[in-house]
Amino acid sequence: MATAVTKIKASHSTSWRTWQLASLLSLACAVGVTATPARADQLEKVKERGKLVVGIKTDYPPFGYLDADGQVKGFEIDIAKSVAKELLGSADAIELVPVVASNRIELLNAGRIDVIFATLGTNPDRAKIIDFTHEYYQMEGMVLLTGKDNPVKTWEEVKGKKLCGIQGNLYNRTLTEKFGAETVLFAGTAEMFKAFQDNRCEAIAFDGPILTMKVAEDDWKDKYKIAVGAFAFNPIAGGVRKGEPAFLEAVNKAITDAEAQGVLVESEKTFKMGHSDYVAKRAEGAKAKAN
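About the criteria used
- Residue positions are counted from 1 within each chain, in the order its sequence is given.
- The predicted nature of this model means local features are confined to residues of pLDDT at least 70 and side-chain atom pairs, given and counted, to a pLDDT of 80 or more, with totals for whole chains, interfaces and linings taken over all residues.
- Heavy atoms from the whole structure form the basis of all side-chain values; hydrogens and water molecules are not counted.
- Any cysteine sulfur atom paired with another within 2.5 Å is treated as part of a disulfide.
- Secondary structure elements are taken from DSSP: a helix is a run of H or I of four residues or more, a strand is a run of E of two residues or more, and numbering for both begins at the N terminus.
- Here's how the labels work: a residue is buried when its accessible area is under 20% of the maximum for its type, exposed when over 50%, partly exposed in between, all with a 1.4 Å probe on protein chains only.
- Should a side-chain nitrogen of Lys or Arg be within 4 Å of a carboxyl oxygen of Asp or Glu, the pair is scored as a salt bridge.
- We treat two strands as partners when DSSP finds at least two bridges between them.
- Working note: the arc is built from the helix axis to C-beta atom directions.
- Any pair of nitrogen or oxygen atoms within 3.5 Å is treated as a polar contact; in protein, a donor-acceptor pairing is required on top of that, and neighbouring residues in sequence qualify only through side-chain atoms on both sides.

Asker: I'd like a rundown of the state of the cysteines, residues and numbers included.
Answerer: Applying the stated criterion across every chain yields a total of one disulfide. Bridging Cys 164 to Cys 201, the disulfide has an S-S length of 1.9 Å. For the disulfide bridge between Cys 164 and Cys 201, the dihedral angle about the S-S bond is near -100 degrees, and by the sign convention the bridge is left-handed. Of this pair, Cys 164 sits in strand E9 (residues 162-166) while Cys 201 sits in the loop between helix H7 (189-197) and strand E11 (203-207); the two residues are 37 residues apart in sequence, bridging distant segments of the chain. Assessed through its relative accessible area of 1%, Cys 164 is described here as buried. Overall, the relative accessible area of 6% leaves Cys 201 in the buried class.

Asker: Describe unusual backbone geometry, with residues and values.
Answerer: The omega torsion across Pro 61 and Pro 62 is 5 degrees, close enough to zero to call that bond cis. Following the sequence through the fold, Pro 62 ends up in the loop between strand E2 (59-60) and strand E3 (64-66). Here Thr 119, not a glycine, exhibits a phi torsion of approximately 45 degrees, which is positive. Along the chain, Thr 119 turns up in strand E6 (residues 115-121). The class of Thr 119 is buried, set by a relative accessible area of 7%. Even without being a glycine, Asn 199 presents a positive backbone phi close to 65 degrees.

Asker: Tell me what's going on with the pattern of salt bridges, and back it up with residues and numbers.
Answerer: By the definition in use, this model includes 14 salt bridges. Of the charged contacts, one joins Lys 242 and Asp 131 as a salt bridge, the two residues approaching to 2.8 Å between their closest N and O atoms. In this pair, Lys 242 is assigned in the loop between strand E13 (233-240) and helix H9 (245-260) and Asp 131 in strand E7 (residues 131-140), connecting sequence segments 111 residues apart. When its relative accessible area of 35% is taken as the criterion, Lys 242 is described as partly exposed. The partner of Glu 202 in a salt bridge is Lys 161, with the nearest N and O atoms 3.7 Å apart. Here Glu 202 is found in the loop between H7 and E11, whereas its partner Lys 161 is found in the loop between strand E8 (142-147) and E9, with 41 residues between them in sequence. Here Glu 202 falls in the partly exposed class, since its relative accessible area comes to 38%. For Lys 161, a relative accessible area of 25% puts it in the partly exposed group. Shared partners join several salt bridges into a network, and the residues in it are Glu 86, Lys 253 and Asp 257.

Asker: Describe in detail the pairing of E6, supporting the description with residues and values.
Answerer: Summarising burial for E6: seven of the seven residues are buried, a large majority. As judged from the three bridges shared by strand E1 (residues 52-56) and E6, these two strands associate in the parallel manner. Note that in E6 the partner of Val 54 across the bridge is Val 115. Relative to E13, E6 runs antiparallel, the two sharing three bridges. Directly across from Leu 120, in E13, lies its bridge partner Ala 237.

Asker: Please provide a residue-by-residue account of helix H2 (residues 42-49), values included.
Answerer: Within H2, the full set of buried residues consists of Gln 42, Leu 43 and Val 46. Seen along its axis, H2 keeps its buried residues to an arc of 105 degrees; they face one direction. Where H2 begins, the capping side chain belongs to Asp 41, and its oxygen is found 3.0 Å from the backbone nitrogen of Leu 43. Backbone geometry just downstream of H2 places Gly 50 in the positive-phi region, at approximately 75 degrees.

Asker: Can you tell me about the sheet that holds E2, naming the residues and giving the values?
Answerer: Pairing in this open sheet of three strands is antiparallel, and the strands run E2-E3-E4 from one edge to the other. Either end of the sheet is taken by a strand with one partner, and the two such strands are E2 and strand E4 (72-73). With two bridges connecting them, E2 and E3 associate as antiparallel partners. Residue Asp 59 lies in a different strand from E3, and its bridge partner there is Tyr 65.

Take a look at the structure:
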């Protein structure tokens with residue numbers, strides 16, 4: 001009998017301790033939930049604010065630049081305004097924040113901007129720290145701009161040469177590690193072009209569309225040339241902070257709708273970017289989905 005009573009007491013004691021532990025764990029979880037406020041959904045924050053804050057380039061024609069009147073224009077500005085219109089009902093419900101390649105992701109993750117539309121190339125390393133929107137352009141990767149008389153014809157010939165470029169460019173590492181070039185990097189294109197003309201570097205290694213436009217300018221076309229073509233093509237997308245699925249979905253829908261409406265095709269024409277099969281095919285696909 002004593003043995004039976006002992007077993008009952010032991011069992012009761014074990015059950016009591018188990019109940020106490022479960023209660024403490026429940027309380028701890030409850031306190032934790034109470035102490036950590038839920039983060040407001042970014043889409044709702046944007047709607048409540050009544051304004052979409054977008055990181056854009058202002059020195060990067062044809063994607064984002066200041067015109068003669070000081071107005072920001074460009075291919076990605078048209079995308080940003082289309083997204084603002086879709087989300088908030090007006091293309092003017094937007095704040096454009098100038099960014100450069102070296103600070104755009106930092107500003108995004110610091111909460112200074114809602115979304116990046118600033119020639120953001122997609123790659124696995126960046127995907128670890130931000131979420132990409134739908135890709136909307138295929139950027140002709142780095143090309144080489146030189147003087148007319150420069151004999152360089154291949155990327156292998158840039159070994160040991162000083163090349164001007166932009167901080168944060170996806171292909172800078174390839175230039176140094178694969179081709180053995182010495183990079184002289186700047187925050188903006190205006191500084192880069194001036195440095196080249198001041199003979200601080202032998203050539204410019206930068207994105208194809210920008211250098212192709214530059215070498216066509218009156219002051220450049222008789223002196224300079226695209227000496228070496230692109231060694232890669234890079235998909236371009238927007239960027240949002242991680243953990244915002246509703247906001248990302250809304251931005252993606254807005255991009256697809258803009259494609260279906262021909263906004264990107266017309267923007268290419270407006271900014272003299274030439275015809276892109278990639279943009280045209282995405283527009284056709286978006287139209288088919290809409291129908």
